[in-house]
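# Observations on the model geometry
These are the residues of each chain, in order.
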Amino acid sequence: MPYQHLALAAKDMRATHEFYEGVMGFELVKVEVAPLLTGGWGKHFFYRMDGDDSTFIAFWELHDGPDADDYIFDLNRAAKLPPMTNHYAFSVETPAQLEQWRGKWQAAGLEVYEIDHNWCHSIYTTDPSGNAVEFCLTTGEFTPADRERAIGALDEAEFKPSPPPASVQKWPAETV
């Protein structure tokens, strides 16, 4: 079953727009303005991700809601989780594409983390609301042993770490 859209609340919709359209290259194609179930109203902005009308990322700009001053827009801060735990990942098909995205993020003034997880290679940054965004290149294949290990981990109560990443690197933001 394919994914249609992911919807998140945005702390600053103008900065969110500049990031997702200006840096990520997603096209803003639709807005729905509606009352919210708990009071207030919102604008729900939809960005086309793949050039077709089947996959989107969407953002809510919220107005006049009860307790609006208490809203936390960073998914991990809101859930009191370690940074980067909740995140969303976009797929790339080649190492060159991963490198292009790293350079684009750095040129946009963003710090980038790069991790070779031994079965995939990823880069990470954060959006204007503080949410972790990833580009990921699958570099390995999944074996029956991988599945067996994953199924076994469902019931494990003790720390049995995976092999460490092949590499971890932090890339500084370029001066904009």
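Below is a short write-up of the structure.

About the criteria used
Residues numbered from 1 in each chain as written. Predicted model: local features only at pLDDT ≥ 70, side-chain atom pairs only at ≥ 80, totals over all residues. Heavy atoms only, no water. Phe/Tyr/Trp six-rings, centres within 6.5 Å; stacked < 30°, edge-to-face > 60°. Buried < 20%, exposed > 50% of the residue type's maximum accessible area, 1.4 Å probe, protein only. Helix = DSSP H or I, 4+ residues; strand = E, 2+ residues; numbered from the N terminus. Lys NZ or Arg CZ within 6 Å of the ring centre and 35° of its normal.

For the rest of this paragraph, the subject is the packing of aromatic side chains. Scanning the entire structure with this criterion turns up twelve aromatic pairs. Arranged with centres 4.7 Å apart and planes meeting at 85°, the rings of phenylalanine 19 and tyrosine 20 form a pair that is edge-to-face. Of the two residues, phenylalanine 19 and tyrosine 20, both sit in the buried class. On the numbers, 6.3 Å between centres and 85° between planes, the contact of phenylalanine 46 with phenylalanine 56 is edge-to-face. One end of the pair, phenylalanine 46, is in strand 3 (residues 41–48); the other, phenylalanine 56, is in strand 4 (residues 56–63), and ten residues separate them in sequence. Its relative accessible area of 13% is what places phenylalanine 46 among the buried residues. Using a relative accessible area of 8% as the deciding quantity, one classes phenylalanine 56 as buried. Taken together through their ring pairs, the aromatic side chains of Phe19, Tyr20, Phe26, Tyr47, Phe59, Tyr88, Phe90, Trp101, Trp105 and Phe135 make up a single cluster. The aromatic ring of tryptophan 171 is capped on one face by arginine 102, whose charged end is 3.5 Å from the ring centroid.

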